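Letter by letter, the chains look like this.
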Amino acid sequence: MSKGKVIRAAGGFFAVCDETGNEYLCRARGNLKRGSEALMVGDNVIFHPLNQVSGGRTDEGIIEKRLARFNRLGRPPVANINQLVVVMAFKDPGCDWQLVSRMLVQAEKEDMAAFLCLNKADLVNDQEIEETKKSTASFPYPIIYSSAVTKLGIDEIAERLKDCTSVFAGPSGVGKSSLLNAIQPGLSLQTGDVSEKIKRGRHTTRLAELIPMNNGGKVVDTPGFSRLSFSDLDENELALLFPDFENLRGQCNFRNCRHAGEPGCAIEENVGKKVNSMRYEHYRLFLDEISKQEAY
Ligand SMILES: Nc1nc2c(ncn2[C@@H]2O[C@H](COP(=O)(O)OP(=O)(O)OP(=O)(O)O)[C@@H](O)[C@H]2O)c(=O)[nH]1
Ligand SMILES: [Mg+2]
Ligand SMILES: [Zn+2]
């Protein structure tokens, strides 16, 4: 028996990388294919190699067991991730801030660190960047302005990927794969153009893939998505998943304040000050959405 990590999953097959870097194409036992047990990229597994491997040759195996996960994301489906990198573009396609907040809520829930990459900075002028900086004052996560074309921000992103496992997530066409190619020349991940008419990506990356980086980090490149709903969130939990509110906790008039229009709400009083107004809007929107789900 050997220990390894799932680095790709497709059509009932799993590519598993063992501790010495050999790759095996594996099938999995039936119970590892369904529901929340279903294997994901990033899962650590015990597998049974079917053939001897020499000199890094690809071989085959059977996955017997999945080891415990310390976290998992539903979308993109990945496990054992230290850091979420939300990738958006300034334009073509433009930044979907609500989707950013959705992803960040999920990351908080799973105890992942997170930062935002605002890519394609080469397509806007300095004034637009300055305006974004202003409107994201008190945004509670680091924002890196980047360009796979001019290489702006590439070193900083690379630095943040060191020595941990990260996932790149965001809509199709924002430049996730292009950024990874820029960070690690020679990687040559496939990238695709953006539709001229609707300014959306064409879902070039089809499968999540865990990639070892030269600086010791690991990154999962994932297919783009544009919708994300909350499935397992509790109304009372949501405010705890907004680090923006951290320094104001316990300061509302009512101990069980929902921060949704109650008198003497410290959070509402700080909107546009310590709390970014767009983030507060997202909080209210998500709270509504979750309470409607709970009503069913
Ligand atoms: N101008 C400009 N174009 C970029 C930049 N980054 C990526 N692109 C272009 O945007 C298009 C989409 O890039 P991809 O890297 O394939 O985007 P992706 O996020 O991986 O998309 P999916 O794999 O479909 O999820 C390609 O035509 C890239 O050349 C950038 O920083 N500036
Ligand atoms: Mg891609
Ligand atoms: Zn409150």
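Given the structure is predicted, the values throughout are model-derived calculations rather than measurements.

Asks: Can you lay out the overall build of the protein for me, pointing to particular residues and giving the numbers?
Replies: The helix and strand inventory of the protein stands at seven helices and 13 strands. Expected size for 296 residues packed as a compact globule is a radius of gyration near 19 Å; at 21 Å, the protein falls within 12% of this value. Each principal axis of the C-alpha distribution contributes one length, and for the protein these read about 70 × 45 × 35 Å. Counting every atom, the protein has about 14,900 Å² of accessible surface; 46% of that belongs to carbon and sulfur. Side-chain charges of the protein comprise 38 positive and 39 negative groups, with the mean position of each set lying 4 Å from the other.

Asks: How would you summarise the side chain of Thr165 if you had to cite specific residues and measurements?
Replies: Position of Thr165 among the secondary structure elements: in strand S11 (residues 165–169). Exposure remark for Thr165: the relative accessible area of 10% places this residue in the buried category.

Asks: Pulling in residues and values, what's your account of the pattern of salt bridges?
Replies: One pass over the structure, following the stated rule, counts 13 salt bridges. Linking Glu209 and Arg8 is a salt bridge whose minimum nitrogen-to-oxygen distance equals 3.2 Å. You can see Glu209 sitting in strand S12 (residues 209–212) and its partner Arg8 sitting in strand S1 (residues 2–10), a full 201 residues away along the chain. Owing to a relative accessible area of 28%, Glu209 belongs among the partly exposed residues under this scheme. Of the charged contacts in the structure, one is a salt bridge between Lys162 and Glu159, with a shortest N-O distance of 3.3 Å. For Lys162, a relative accessible area of 37% corresponds to the partly exposed category.

Asks: An account of the coordination of the zinc ion (ligand 3) is needed here, citing residue identities and associated values.
Replies: On the protein side, the zinc ion (ligand 3) has Cys252 (SG), Cys257 (SG), His259 (ND1) and Cys265 (SG) as donor atoms, found 2.1 to 2.4 Å from it. Around the zinc ion (ligand 3), the four donor atoms are arranged such that angles at the metal cover 102 to 113°; this shape is classified as tetrahedral.

Asks: Tell me about the packing of helix H3 (residues 154–161) against helix H4 (residues 176–183), and name the residues and values.
Replies: Between H3 and H4, the least distance of the axes is 10 Å, while the angle of their chain directions is 85°. The orientation of H3 relative to H4 falls into the category roughly perpendicular. Residues Ile154, Ile157, Ala158 and Leu161 of H3 form the contact with H4, whose participating residues are Leu179, Ala182 and Ile183. Residue composition of the contact of H3 with H4, grouped by class: seven nonpolar, no polar and no charged.

Asks: Before we move on, could you go through the site of ligand 1 and cite the residues and values that matter?
Replies: In the vicinity of ligand 1, 24 residues are found, and the nearest of them are Asp122, Ala148, Ser172, Ser178 and Thr205. Contacts to ligand 1 include Asp122, whose side-chain N or O atom sits 2.7 Å from a nitrogen atom. Protein chains shield 87% of the accessible area of ligand 1, which is 660 Å² for the free molecule. At three residues, H4 tops the list of elements feeding residues into the shell around ligand 1. Class assignment of the residues belonging to the shell around ligand 1 gives a composition of seven nonpolar, 13 polar and four charged.

Asks: Give me the lowdown on the nonpolar core, citing residues and values where you can.
Replies: Counting residues in hydrophobic clusters, the biggest one holds 35 residues, and the most contacted among them are Leu84, Met103, Leu116 and Phe139. Sorting the residues of this core by element identifies strand S8 (83–89), helix H1 (97–109), strand S9 (113–119), strand S10 (143–145) and S11 as the ones contributing at least two each. Here this core gets six residues from one element, more than from any other, and that element is H1. Lining this core are residues from two domains, each supplying at least three of them: domain 1 (2–67) and domain 2 (73–221). In this view, Leu116 contacts Val86, Met88, Trp97, Val100, Phe139, Pro142, Ile143 and Ile144; residues no more than four positions away in its chain are not counted. Ranked by size, the runner-up nonpolar core spans 21 residues in total, among them Phe168, Ala182, Leu189 and Ile211.

Asks: Describe the pairing of strand S13 (residues 218–221), with residues and values.
Replies: Here four bridges tie S11 to S13, and the two strands are oriented parallel to one another. Among the inter-strand pairings, Phe168 is bridged to a residue of S13, identified as Asp221. Taken together, the four bridges between S12 and S13 define a ladder with antiparallel strand orientation. In the sheet register, Glu209 faces S13, and the bridge partner there is Asp221.

Asks: Pulling in residues and values, what's your account of the environment of Leu228?
Replies: Here Leu228 lies in the loop between S13 and helix H5 (235–238). Leu228 gets classed as buried once you look at its relative accessible area, which sits at 9%. Distance in space between the C-alpha atoms of Leu228 and Gly74 is 9.2 Å, their sequence separation being 154 residues. Contacts of Leu228, omitting those with residues within four sequence positions, involve Arg75, Leu99, Arg102, Met103 and Gln106.

Asks: Outline the coordination of the magnesium ion (ligand 2), supporting the account with residue identities and numerical values.
Replies: In a perfect tetrahedron of four donors around a metal, the angles come out at 109.5 degrees. In a perfect octahedron of six, they are 90 or 180 degrees. Distances from the magnesium ion (ligand 2) to its protein donors, namely Ser177 (OG) and Thr205 (OG1), fall within the range 2.0 to 2.1 Å. Of this pair, Ser177 sits in helix H4 while Thr205 sits in the loop between H4 and S12, and the two are 28 residues apart along the sequence.

Reading guide: rules and limits
Per-chain numbering applies: the sequence of each chain, read as written, is numbered from 1 onward. Both sets of labels track the order of writing: A upward for chains, 1 upward for ligands. Note on the predicted model: pLDDT of at least 70 is required for a residue's local features to be given, and 80 or more for side-chain atom pairs to be given and counted; whole-chain, interface and lining totals, by contrast, use all residues. Computation of side-chain values: all heavy atoms of the structure, hydrogens and water removed. Strands here are runs of E lasting at least two residues and helices are runs of H or I lasting at least four, both read from the DSSP assignment and numbered beginning at the N terminus. In this description the radius of gyration comes from C-alpha coordinates, and the expected globular size is given by 2.2 Å times residues to the power 0.38. Computed with the Shrake-Rupley method and a 1.4 Å probe, the accessible areas treat only the protein chains shown as cover for residues. A positive count includes Lys and Arg, and a negative count includes Asp and Glu. His and the chain ends are not counted in either. In this description, the location of a charge corresponds to atom NZ of lysine, CZ of arginine, CG of aspartate or CD of glutamate. Exposure is judged per residue with a 1.4 Å probe applied to protein chains only, and the accessible area is read against the type maximum: over 50% gives exposed, under 20% gives buried, and values in between give partly exposed. Here, a salt bridge means any Lys or Arg side-chain nitrogen found within 4 Å of an Asp or Glu carboxyl oxygen. Because no water is among the atoms considered, metal sites can look incomplete, with donors defined as N, O and S atoms within 2.8 Å of the metal, or 3.2 Å for Na, K and Ca. Any coordination sphere not matching a tetrahedral pattern (four donors, all angles between 85 and 135 degrees) or a square planar or octahedral pattern (four or six donors, opposite donors over 155 degrees apart, other angles between 65 and 115) is reported as irregular. Working convention: axes come from line fits to C-alpha atoms, limited for helices to the stretch in contact. Angles between N-to-C directions cover 0 to 180 degrees. Roughly parallel means an angle under 35 degrees; roughly antiparallel means over 145; roughly perpendicular covers 65 to 115; every other angle is labelled oblique. Contacts are residue-level and defined by heavy atoms, with any inter-residue pair within 4.5 Å sufficient. Under the scheme applied here, ten amino acids are nonpolar (Ala, Val, Leu, Ile, Met, Phe, Trp, Tyr, Cys and Pro), four are charged (Asp, Glu, Lys and Arg), and all others, including Gly, are polar. Being near a molecule or strand, for a residue, means having at least one of its heavy atoms within 4 Å of it. Under this definition, polar contacts are N or O atom pairs within 3.5 Å; protein pairs additionally need one hydrogen-donor-capable and one acceptor-capable atom, and for neighbouring residues in sequence, both atoms have to be side-chain atoms. Nonpolar core, defined: a set of buried Ala, Val, Leu, Ile, Met, Phe, Trp, Tyr and Cys residues in which side-chain atoms within 4.5 Å join the residues together. Marked domain ranges trace back to an automatic or database domain assignment. The pairing criterion for strands is at least two bridges between them, as found by DSSP.

Spatial relationships are all this shows, so hold off on functional conclusions.
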